[in-house]
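# Structure assessment
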Amino acid sequence: MYYKENPKFPKNFMWGASSAAWQVEGGVAEGGRTPAMIDLNSKKKAPYADDSICADHYHRYKEDVALMAECGFGSYRFSIAWSRIIPCSDGKVNPEGVAFYNDLINELLKNNITPIVTLYHYDLPVWVYEELGGWKSRKTVDAFEHYARTCFENFGDRVKYWLSINEQNMQIVYGHWLGTSAGCTDWEREQWDINHIMNLCHAKAVVACHEMVEGGKIGPVPGYVPIYPKTCNPLDQIAAMNAEELTEKIWNDTYVYGEYNGFIKKYWEIHDIHPDIRPEDVVLMKSAKIDFIAVNCYRSNVGCDAKPGTERKEYELNKFGIKGQLQFPNYPGEFAMDYNPYVEYTDWDWEIDPVAIRYALRYLWDHYRLPMMITENGYGANEEKDADGNVHDQARVDFLRDQIYQVGLAIEDGCDVISYNPWSFTDILSTGNGIKKRYGLVYIDTTDEELVNCTDVSKLSMKRIKKDSFEWYSKLIKSNGNDWGKDMGVN
Ligand code: BG6
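Scope of this entry: the structure provided in the associated data block. None of the values given here were measured: they were computed from a predicted structure.

## Overview of the sheet that holds strand β15 (residues 417-420)
- The strand order across the open sheet built from eight strands is β5-β4-β3-β2-β1-β15-β13-β7, with neighbouring strands paired in parallel fashion. Whereas interior strands pair on both sides, the edge strands pair on one side only; in this sheet they are β5 (217-221) and β7 (293-296). Strand-to-strand, the axes of this sheet are offset by a mean angle of 30 degrees, without reference to chain direction.
- Sheet topology note: the strand β1 (residues 14-18)/β15 ladder contains two bridges and is parallel. Looking at β15, one finds that tryptophan 15 is bridged to tyrosine 420.
- Packed onto the sheet, helix α5 (residues 95-110) meets β2 (75-79) and β3 (114-120) and runs at close to 170 degrees relative to β2.

## Structural notes on the pattern of salt bridges
- Using the criterion set out here, one finds 36 salt bridges in the structure.
- When the shortest N-O distance is used, the salt bridge between glutamate 316 and lysine 319 registers 3.4 Å.
- Overall, glutamate 316 belongs to the partly exposed group, its relative accessible area being 34%.
- You can call lysine 319 partly exposed: its relative accessible area is 30%.
- The shortest N-O distance in the salt bridge between aspartate 402 and arginine 401 comes to 3.3 Å. Grouping residues by exposure puts aspartate 402 and arginine 401 together as buried.
- Here the salt bridges share partners, and the residues they tie into one network are Glu383, Asp393, Arg396, Asp427, Arg438 and Lys467.

## What about helix α17 (residues 468-478)?
- Among the residues of α17, those classed as buried are Ser469, Phe470, Trp472, Tyr473, Ser474, Leu476 and Ile477.
- Phi for asparagine 480, located one or two positions after α17, is positive at around 50 degrees.

## Brief notes about the site of the ligand
- Of all residues adjacent to the ligand, which total 14 residues, the nearest are Gln23, Glu167, Thr431, Lys437 and Tyr439.
- Between an oxygen atom of the ligand and a side-chain N or O atom of tyrosine 298, the distance comes to 3.4 Å.
- Threonine 431 is positioned with one of its side-chain polar atoms (N or O) 2.4 Å from an oxygen atom of the ligand.
- In the complex, 93% of the free accessible area of the ligand, which totals 370 Å², lies under the protein chains.
- Class assignment for the residues of the shell around the ligand results in five nonpolar, six polar and three charged.

Cut-offs applied
Residues numbered from 1 in each chain as written. Predicted model: local features only at pLDDT ≥ 70, side-chain atom pairs only at ≥ 80, totals over all residues. Heavy atoms only, no water. Pairing = 2+ DSSP bridges. Helix = DSSP H or I, 4+ residues; strand = E, 2+ residues; numbered from the N terminus. Axes fitted to C-alpha atoms, helices over the stretch in contact; angles between N-to-C directions. Contact = heavy atoms within 4.5 Å. Salt bridge = Lys/Arg side-chain N within 4 Å of Asp/Glu carboxyl O. Buried < 20%, exposed > 50% of the residue type's maximum accessible area, 1.4 Å probe, protein only. Near = heavy atom within 4 Å. Polar contact = N/O pair within 3.5 Å; in protein donor to acceptor, adjacent residues only side chain to side chain. Areas by Shrake-Rupley, 256 points an atom, 1.4 Å probe, with all protein chains shown as cover. Nonpolar A, V, L, I, M, F, W, Y, C, P; charged D, E, K, R; others polar.

Rendered as structure tokens:
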């Protein structure tokens, strides 16, 4: 179906929004939480703020949940900070950490908001890195299993939707940016060992969830960026398929089929890479049957032929929000990427492509036939208050409207989609551009400069200001996707 005026969303469709502990909570040294590697990584992103305060959700979660309820949320996707629950290598559970998430979960349930909980969103505890060897060590698998089981035991009576690892593919593909490569000297090789350890952690969590959580469902969270061929040159098509394999498909195949696909096995053989995959790992991975796929989708990419012998260029993200600073990769003999003349771009050179989300849902449904939920999708922008003290983010309204419309079309196409949770509810810390790159439906009245210079968070206003997108989204979701607003215009 190409076009439908008003696509229908299923009854009981869960509308909400999404966040991650290290990007929203702050309170990094409170309640018994110990440092995470991402805290250190976030300090490398000056002049932007680090994750010490973020949106101060740790202290203001009740106010935030009240706003979610006012907006009409049916779901909220957030993550638990591993080092709040298990702060040290002795494995002891931190009661204060458990209490914080119990309070948050209970507050959500009191407001009829279904919690969707990520176990791991980039925040490896420093003790796991220093004392166990981090993602390179098999000891981390046991530590992660203990952590996951602790979460299921403490929260599984009320939390039924669980997510294992956020964007494992992006943690490997952008290992330096996200800090996954800390301590590695030969990333080209070591990334595959780390990836395997992550697969084992994911599998352990899936098995434990089914064993411990009555009625519990669990899935992975791939970051999905559809890759279109640049032209109908067959070589561009193969390049797009290579890019697809090496940035996302090999992960999705592994989650669904419980084994590495032929493409990656051959890739390892050609590049003389030998991850330590043991017979018992193969059994474990096969036994971990996921219930759904959670999808993070913001944009699309264009793949094109990269001739052998051409100069290798790495993918360089746009780090400062000034258009034109992104560098696309050229991997000779594999693939290159390029700008897409058919779409607009954000200030960070991310493609504004609503059709991408429909493509993603169609692709994943066609390949894997599992229910899906959108756990991230959103518009990161430079934003400030207007003279009237409000934030008129029409660009975000346009972005969300066009994207959600395409989700509706994907549902009309026959895809099984159960929930939509854009990134993010309030402004939060971005992975590399502080709070300056704003994603929220709710504005947090602060700046990176203020956060950097703050010595006492209780003195900051951190006022929550509902943006225009909040009001627009509220109407849409309260009508279960019927009231698009007066300016409905579809692509
Ligand atoms: C997703 C991550 O890939 O993208 C989030 O799961 C992240 O953690 C989001 O914040 C947006 O990316 P960025 O770099 O703009 O923060």
